[in-house]
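Working through the structure, step by step
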Amino acid sequence: MTDNSLKGVKIARVSTVTFFVETQLRAQISAIAGTGADVVVVASESSLEQSIDHARYVSVQIPRKIHLVEDLVALIRLYKLFKTERFHIVHSTTPKAGLLCAISAFAARVPVRLHTFTGQPWVGLKGIKYFLSKGSDKLILALNTHCYADSPSQKQFIVENGMARSEHISVLGSGSLAGVDLNRFNPSRFTDDEKAKLRADLQIPTSSKILLFVGRLTQDKGIVELLRAFRQVAEDNDDVYLIMLGPPEMDVGSLLGELPSSGSARVVMPGFSNQPERFMAIADLLVLPSYREGFGTVVIEAAAMGVPAIGTDIYGLSDAIVDGQTGLLVPVKTSQELAHAIGLLLNDEPLRASFSRNARQRIEQDFQDKHFNNLVIAEYERLLESFRP
């Protein structure tokens, strides 16, 4: 790939919220801008928390939930932006941004229209919400030039459900949205003193084992099953703690009330952190019992930190976790099986150490972020060739 390979190309990267851009796409967008492209980041908030090198930011309020009036306003604003800026490429992520971009970029005659799926919101829904959400994905697939899934099993799921033909949706590399920054997610970054201080701040004893959950604290992330499994684990082991790192989007307090006081005292909820690697540095296991995941970026981030994972055997996570090598997969919505898997790895230190080594090696081999950045840039170059005279 040559320097300035996208010089003069105008690209919009659109997400519903800046959080997604800042946590998942910052390095990739910077790499794209480094090719000479004119990159504009579009999301709802008034500004990015930290600017991205050589990229501009435009705020368009995109509601996360269905809101007909606000959705229409966002659609018109996106159409006007795309028409005025005359982008060559519009690339969206997140569901609502994907739908509004598909319609507005098509109407504005943007030559290359792309979307990356990171999971299907309609999985698990019923009734009118199911049909609206699934219909949204169908429209995204129909109006875009090409679409991507962030895992092979997610692509297979989309194709098998009749949403798209296999040739209309791709997976870059081995999967994931943007790979992992191995300089950032590196266990050697953190000294013993730094790890001891974090434990002290969280009031976790030095000798205690730590389970870590990273993500939104919501039902479809398996929070109910996680806390019920932890109750079983805590009954057998009074020296294990659970850190739930993320913003609460459900009544976690009522679930904690089901735990005995000795167990609930060992559940730590620090809230959201933009440095999950600090918590991964002190964790023994990552636990992610989701009902649906496009891939599970947090799994490969933890793997880069040498932390094996236990997740549910669903599309996406079945690609992020190699069952029996880098972690364990359990059936979805099964707290008893989840508790058994946690207990197995907590009590088998040689097995856990083996999974840890395998996890880190796999990330080094298949998921370095620079590799994924190059794959995305190569895709842009390939797709633009069809529109160049």
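Residues numbered from 1 in each chain as written. Predicted model: local features only at pLDDT ≥ 70, side-chain atom pairs only at ≥ 80, totals over all residues. Heavy atoms only, no water.

Attention now goes to the environment of leucine 202. Topologically, leucine 202 is positioned in helix α6 (residues 192-202). Linking leucine 202 and tyrosine 57, residues 145 residues apart in sequence, is a C-alpha distance of 36 Å. For leucine 202, the residues in contact, after removing those within four places along its chain, are Ile243, Val268, Pro270, Phe279 and Ile282. (Helix = DSSP H or I, 4+ residues; strand = E, 2+ residues; numbered from the N terminus. Contact = heavy atoms within 4.5 Å.)

Counted according to the given criterion, the structure contains 8 aromatic pairs. Measuring from centroid to centroid gives 5.1 Å for phenylalanine 19 and phenylalanine 272, while their planes differ by 70 degrees, and the two rings are edge-to-face. Linking phenylalanine 19 in helix α1 (residues 18-33) with phenylalanine 272 in the loop between β10 (267-271) and α10 (276-280), this pair joins segments that are 253 residues apart in sequence. When its relative accessible area of 45% is taken as the criterion, phenylalanine 272 is described as partly exposed. With a centroid separation of 5.3 Å and 85 degrees between ring planes, the pair formed by tyrosine 130 and phenylalanine 131 is classed as edge-to-face. With relative accessibility at 24%, the residue tyrosine 130 sits in the partly exposed group. For phenylalanine 131, a relative accessible area of 60% puts it in the exposed group. Three or more aromatic residues joined by ring pairs form one cluster here, namely Trp122, Tyr130, Phe131, Phe157 and Tyr315. In this structure, lysine 10 packs its charged tip against the face of phenylalanine 87, placed 5.8 Å from the ring centre. (Phe/Tyr/Trp six-rings, centres within 6.5 Å; stacked < 30°, edge-to-face > 60°. Buried < 20%, exposed > 50% of the residue type's maximum accessible area, 1.4 Å probe, protein only. Lys NZ or Arg CZ within 6 Å of the ring centre and 35° of its normal.)

This part is about the pattern of salt bridges. Overall, the coordinates contain 15 salt bridges when judged by the stated rule. Note that arginine 216 and aspartate 220 form a salt bridge whose closest N and O atoms lie 3.9 Å from each other. Its relative accessible area of 26% is what places arginine 216 among the partly exposed residues. Arginine 382 is the salt-bridge partner of glutamate 379, the closest N and O atoms lying 3.1 Å from each other. Taken together, the positions of glutamate 379 and arginine 382, both in helix α15 (residues 369-385) and 3 residues apart, correspond to about one turn of that helix. (Salt bridge = Lys/Arg side-chain N within 4 Å of Asp/Glu carboxyl O.)

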